[in-house]
Amino acid sequence: MDTERSGARRSNPVGRLVRRGFTDPEAAARRLAEPALAAHAADSVLLDALAATADPDQALHGLASLVEACRDDAERHKLLDTLTTAKPLRDRLLGVLGASAALGEHLARHPHDWHELVTFELHDIHPGPEEFVRRLYRHIWEENDDVARADALRSGYRRLLLTVAARDLTGTADLGQAAAELADLAGATLQAALDIAAEEDPAAARACRLAVIAMGKCGGRELNYISDVDVVFVAEPRTDGDVDALQAATRLAARMMRLCSDSTREGSIWQVDANLRPEGKNGPLVRTLASHLAYYQRWAKTWEFQALLKARPVAGDAALGQQYLAAVSPMVWQASQRENFVQDVQQMRRRVIEAIPAAEVERELKLGPGGLRDVEFSVQLLQLVHGRTDENLRSATTLTALADLSAGGYVGRADAAALDSAYRFLRTLEHRIQLFQLRRTHLVPTAEQDLRRLGRSLGLRADPVAELLAEWKRHGREVRRLHEKLFYRPLLDAVAHLDLEEAGLTSRFGGAESGSALSVGAAQARLAALGYREPVGAFRHLQSLATGVSRRAALQRTLLPVMLGWFADSADPDAGLLSFRKVSDSLGSTPWYLRLLRDEGAAAQNLARILSSGRLAPDLLLRAPEAVALLGDTDGLDPRSPQVLDREVASAVGRADDAAAAVAAARSVRRRELFRTAAADVLGRLGDTPAAGVEAAGLALTGLNRATLSGALAACVAAAEASTGEPLPTRLAVIAMGRFGGHELGYGSDADVMFVHDPLPGADETKASNAARQVFEELRRLLQLPSTEPPLLIDADLRPEGRQGALVRTIGSYAAYYRRWSHTWESQALLRAKPVAGDRALGEEFLALIDPLRYPETGLDEAELREIRRIKARVESERMPRGADPTTHTKLGRGGLADVEWTVQLLQLQAGHAVPGLRTTRTLRALGAAVDAQLLGRDEADALSAAWVQATRVRNAVMLVRGRAGDSFPAEPRELAGVARYLGYGEGHAGEMVDDYRRTARLARDVMERIVFGER
């Protein structure tokens, strides 16, 4: 029975072919039965290999034609034997035959070329331009010397194209390498054609130097299988005064073009297009270098500089080509400064789309919406805008440039990855379409068989047609979304002249159609595509801002496309737009506000970034929207110096009628300066490195809190003296503690302080103490009083006896307490004590009092060291909030602030007396001093410093994003994304941020455990 079934299977070749994917199994069976292939008709290895191709029927047809074309039986048997025994050849040859009917026809005309696919040496797998030139020249001048040069050029080109296609189709080369090889092959072909032209006209070759400059995809080393090869010619006479040199160069250039473009019995190669030259078709084919430069300096349009971005010498006089490139490149990177530059680029893109026949728009893979040109134009626009100052962005290759833009932060990593994936898919699909007949086309076919072949060539096998169409549409939608996000996101001040209609963000607000379902729906869809989570609400904000015929509404319609793009590039565009509406409602009638945003492009962009950064900065701004004016000044966001702050606060306090009004005035200054600092931080203006930014923020926040405290203290003292009619009977001083004393405040930090007073000579001590207590209690009350200004929370719990102790003590009382009752942890806390307000001399006396405690001459004894270790362990076990993740808690978690600061403070207690550099309240400075004193290794200090900076930045980010303090990463996804954005992570990389935090924290934890809990 089994034998009968096996025989039935062998006798039913049609069914066997159907199962292997042949669509015309009867024709395939007849082909296999022909004498040339009959011996292999039942070979399952061959049939399986055919079944794996894009089109098994076409692959079999091409194979049969090749076998028939072999000159003799020996060659035929060699081909078939090698095919069935050598998998590499089988995959390459059948892969090409199944995907390209045109290359199958070439093999039928030149059957010996199958040998090119048998062995791949290293130079075959990764050929460079020189290898293509060498092999092409060997084919033309050695192997086919008796054949017409034009025919030899074409057949040699197709032979090498066959090897490129084989590497491409079998995955030996990816898209980028395949496109680069096609461009290199094109360059070799142009060089060979130019040499043929010179051979035919040696007088012309002697008269001139001629360089061929590739443009477009050939220049960018990203060429298609069949595409016009865009070139520009530049020539110079070999001898001065040779007036016929340009005519000679023109003859050579024209002949070179015909050799590549005209058809012979071998067909044509591709069209050489020189229309990108100055003046296009109307200009001379060849110019001198000076003539090129004169044209570009005086007459060139914006699109011509965009085209020059991909210019690359590929043939002819290499030195002259490099001279040309060196001369025009600076012009390319200055083009973005031209008037209406961005609008010109965008308008050119719109004209391209408008020129597509309506019947082809949906099939147009290259030029249509969501097509390849959308990616290329977006990348080129960003390159031209930012490449002027960032030379890393000047690659002529789209995918390389996209990666560089992402690496430089000009495109989000998620957006860049999506564009990269879509571009690779669309370009690969374009390659497969062109490869079939080697015809220049960018239209996706409609025939079922063609779609099936394309789908299978891309590895889609379950339902090739449906999968192909779904993938194409998915990538097209993604490209269109990102193109609109990137390409219409204005990058220069000039972009502010776009109106809403042009940017396509909404319909005519205020017009007859503004309420139509179609226009509203289209606008909301566009907002959703840009990343707005509540497009209906966003649309309402747009209507509120832009409706009407007033000048205010007109200016808003000018600004909104810009602002929407910038909001969309944030973690929370909806919040940014809402805040912008609130600010505009508050200031819209103020004449300078909209003019500032319209005329100062940086101000508009900065405002958009600040408003969409989170809660803190927008909340501060909305309390007094006139602070927007700070954004119009080049130095408006630079932190104020302590001297300037002191003078301004003192002046504001001095103008007030009573203490409450005076402290309110001081708090108002503080609110404005908080906004200035937060805005500068959000915009990345506080430092070139994370550590510098953290230090600058800490200094700024400490400075404004110190100035506020000083002004408020002066106001409360004045009020107390006015109420009694006599001077205060004591001197007062405020001692900053903790991060306040260390000049390391964050946005959510309380002001840790201790209050000290010293009765004047002859004063009643009880009266002096009561007066001091009343002043400081009023100071705390007024600074924390609920109002429109953010409170300055005063925490005095680090005083002797904590909350149970007196709020204020005399300096003598402090001396007595520290002499008799001081604990090791109090000495540790005093390491960060710093006078910040009140009587300066009293503050210095307090420091002299505590220095022996915090920098003990003998360091720490074993009992004190054990006590520090005990308290550290207890803090970790008892003070960690319930449910908190100890690996990401920035204050008490592993590798958090406490770990770093306890390590530093232990070293200060042990060696501060002997090492003057350790007598600082600042953590990073103390780390540096510990390294200099060889108390820490450089690697250990770097690990601690990195963790401390990281934890501080996270705490600052949480406060900026949420508007309230927090010691852990937020759980809400949008807030987490905002923190990630502040820390420099792109969209979708919050997980990477948390992983990086844990990695850095682990290193610091290891150092802390070695120093605090281990033996050194």
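None of these values were measured; they are calculated from a predicted model.

### Re the overall build of the protein chain
(1) Moving on: When its secondary structure is counted, the protein chain shows 47 helices and 10 strands.
(2) Moving on: Seen along its three principal axes, the alpha-carbon backbone of the protein chain occupies a region of about 125 × 75 × 65 Å.
(3) Moving on: Residues counted as buried form 56% of the 1016 residues belonging to the protein chain.
(4) Moving on: Of all intrachain contacts in the protein chain linking residues separated by at least 6 positions in sequence, the fraction that spans at least 24 positions is 72%.
(5) Moving on: Surface accessibility of the protein chain: about 42,300 Å² in total, with carbon and sulfur atoms responsible for 50%.
(6) Moving on: Taken together, the 129 basic and 137 acidic charged side chains of the protein chain have centroids lying 3 Å from each other.

### Things to note about the pattern of salt bridges
(1) Moving on: The tally for this structure, following the rule as stated, stands at 63 salt bridges.
(2) Moving on: Between Glu200 and Arg255 there is a salt bridge; the shortest N-O distance is 2.7 Å. Of this pair, Glu200 sits in helix 13 (residues 175-200) while Arg255 sits in helix 16 (residues 245-261), placing them 55 residues apart in sequence.
(3) Moving on: Judged by its relative accessible area of 23%, Arg255 falls in the partly exposed class.
(4) Moving on: Between Glu878 and Arg874 there is a salt bridge, with its nearest N and O atoms 2.9 Å apart. Of this pair, Glu878 and Arg874 both sit in helix 42 (residues 862-878), 4 residues apart, which is roughly one turn of that helix.
(5) Moving on: Looking at Glu878, the relative accessible area reads 52%, which means it is exposed.

### Description of the side chain of Asp230
(1) Moving on: Position of Asp230 relative to the elements: it lies in strand 2 (residues 229-237).
(2) Moving on: Every residue in contact with Asp230, bar those within four places of it in the chain, is listed here: Ile213, Ala214, Met215, Gly216, Asp273 and Leu276.

### Some thoughts on the nonpolar core
(1) Moving on: Counting 145 residues, the largest nonpolar core has Phe580, Leu607, Leu709, Phe755 and Met993 as its most contacted members.
(2) Moving on: Counting residues per element, this core draws most heavily on helix 45 (residues 938-962), which supplies 13 residues.
(3) Moving on: Beyond its immediate sequence surroundings of up to four residues, Phe755 is in contact with Ala733, Val734, Phe776, Leu779, Arg780, Ile794, Ala796, Leu807, Val808, Arg809 and Tyr814.

### So, the packing of helix 43 (residues 897-911) against helix 47 (residues 990-1013)
(1) Moving on: Look at helix 43 against helix 47: their axes get within 9 Å of each other, and the N-to-C directions meet at 35 degrees. Seen along the crossing, helix 43 lies across helix 47 with a hand that is left-handed. Here Asp899, Trp902, Thr903, Leu906 and Leu907 of helix 43 lie close against helix 47, whose contacting residues are Arg1005, Met1008, Ile1011 and Val1012.
(2) Moving on: Split into classes, the residues belonging to the contact of helix 43 with helix 47 amount to 6 nonpolar, 1 polar and 2 charged.

### With respect to helix 11 (residues 129-143)
An α-helix turns once per 3.6 residues; consequently, residues spaced three or four apart project the same way.
(1) Moving on: Over its 15 residues, helix 11 extends 20 Å from the first C-alpha to the last, a length consistent with the 21 Å expected when each residue adds 1.5 Å.
(2) Moving on: Listed in full, the buried residues belonging to helix 11 are Glu131, Phe132, Arg135, Leu136, His139 and Ile140.

### A short note on the pairing of strand 2
(1) Moving on: Extensive coverage of strand 2 is indicated by the burial of 7 of its 9 residues.
(2) Moving on: Across 7 bridges, strand 1 (residues 208-214) lies against strand 2 in antiparallel orientation. Within strand 2, the residue paired with Val212 across the bridge is Phe233.

### Brief notes about the environment of Leu865
(1) Moving on: With respect to the helices and strands, the residue Leu865 is situated in helix 42.
(2) Moving on: Exposure remark for Leu865: the relative accessible area of 10% places this residue in the buried category.
(3) Moving on: Taking the C-alpha atoms as reference, Leu865 lies 44 Å from Ser613; in sequence the two are 252 residues apart.
(4) Moving on: Apart from residues no more than four positions distant in its own chain, Leu865 is found in contact with Leu906 and Gln910.

### Section: the packing of aromatic side chains
(1) Moving on: Scanning the entire structure with this criterion turns up 11 aromatic pairs.
(2) Moving on: On the numbers, 5.8 Å between centres and 85 degrees between planes, the contact of Tyr157 with Trp270 is edge-to-face. On the criterion of sequence distance, the pair formed by Tyr157 in helix 12 (residues 149-169) and Trp270 in the loop between helix 16 and strand 3 (272-273) is long-range, its members being 113 residues apart.
(3) Moving on: Take Tyr157: its relative accessible area is 2%, and that puts it in the buried class.
(4) Moving on: Among the aromatic residues, ring-to-ring pairing joins Tyr814, Tyr817, Tyr818 and Phe846 into one connected group.
(5) Moving on: The cationic tip of Arg453 hangs over the ring face of Phe436; the distance from NZ or CZ to the ring centre is 3.6 Å.

### Remarks on the environment of Arg640
(1) Moving on: Within the secondary structure, Arg640 sits in the loop between helix 33 (616-623) and helix 34 (642-655).
(2) Moving on: The partly exposed category is assigned to Arg640, whose relative accessible area is 29%.
(3) Moving on: As a C-alpha pair, Arg640 and Gly703 span 63 residues in sequence and 8.7 Å in three-dimensional space.
(4) Moving on: Setting aside residues no more than four positions away along its own chain, Arg640 makes contact with Leu645, Glu648, Arg672, Glu673 and Arg676.
(5) Moving on: Engagement of the side chain of Arg640 in a polar contact is seen with the side chain of Glu648, the distance being 3.4 Å.

### Here's the deal with the side chain of Ser457
(1) Moving on: Tracing the sequence through the fold places Ser457 in helix 24 (residues 448-457).
(2) Moving on: The buried category is assigned to Ser457, whose relative accessible area is 19%.

### A look at helix 3 (residues 25-33)
(1) Moving on: Where helix 3 is concerned, the buried positions are Pro25, Ala28, Ala29, Arg31 and Leu32. Projected down its long axis, helix 3 carries its buried residues within an arc of 160 degrees, all on one side. Summarising the geometry of helix 3, the exposed residues directed more than 90 degrees from the buried face are Arg30 and Ala33.

### Some remarks on the confidence of the model for the protein chain
(1) Moving on: For the protein chain, mean pLDDT is 87; residues scoring 70 or higher make up 90% of the total.
(2) Moving on: This model gives residues 1-10 a pLDDT under 50, and the stretch forms 2 contacts once residues within four places in sequence are excluded.
(3) Moving on: Low pLDDT, under 50, characterises residues 488-519; the stretch is placed with 86 contacts to residues that sit more than four places away or in other chains.

### Topic: the environment of Asp151
(1) Moving on: Mapped onto the elements, Asp151 comes out in helix 12.
(2) Moving on: The spacing of Asp151 and Ala327 is 176 residues in sequence and 37 Å in space, taken between C-alpha atoms.
(3) Moving on: In this view, Asp151 contacts Thr264, Arg265 and Glu266; residues no more than four positions away in its chain are not counted.

### A closer look at the state of the cysteines
(1) Moving on: Applying the stated criterion across every chain yields a total of 0 disulfides.
(2) Moving on: Here Cys208 stays free of any disulfide, with the sulfur of Cys260 as its closest cysteine sulfur at 17 Å.
(3) Moving on: For Cys208, a relative accessible area of 2% puts it in the buried group.
(4) Moving on: The thiol of Cys260 is not disulfide-bonded; the next cysteine sulfur, from Cys218, is found 10 Å away.
(5) Moving on: You can call Cys260 buried: its relative accessible area is 0%.

Procedures and definitions
Residues numbered from 1 in each chain as written. Predicted model: local features only at pLDDT ≥ 70, side-chain atom pairs only at ≥ 80, totals over all residues. Heavy atoms only, no water. Helix = DSSP H or I, 4+ residues; strand = E, 2+ residues; numbered from the N terminus. Buried < 20%, exposed > 50% of the residue type's maximum accessible area, 1.4 Å probe, protein only. Contact = heavy atoms within 4.5 Å. Areas by Shrake-Rupley, 256 points an atom, 1.4 Å probe, with all protein chains shown as cover. Lys, Arg positive; Asp, Glu negative; His and termini not counted. Charge placed at Lys NZ, Arg CZ, Asp CG, Glu CD. Salt bridge = Lys/Arg side-chain N within 4 Å of Asp/Glu carboxyl O. Core = buried A, V, L, I, M, F, W, Y, C linked by side-chain atoms within 4.5 Å. Axes fitted to C-alpha atoms, helices over the stretch in contact; angles between N-to-C directions. Left-handed = near helix turned anticlockwise from the far one by under 90°. Nonpolar A, V, L, I, M, F, W, Y, C, P; charged D, E, K, R; others polar. Expected span 1.5 Å × (residues − 1). Pairing = 2+ DSSP bridges. Phe/Tyr/Trp six-rings, centres within 6.5 Å; stacked < 30°, edge-to-face > 60°. Lys NZ or Arg CZ within 6 Å of the ring centre and 35° of its normal. Polar contact = N/O pair within 3.5 Å; in protein donor to acceptor, adjacent residues only side chain to side chain. Arc of directions from axis to C-beta. pLDDT = per-residue confidence, 0-100. Disulfide = S-S within 2.5 Å.

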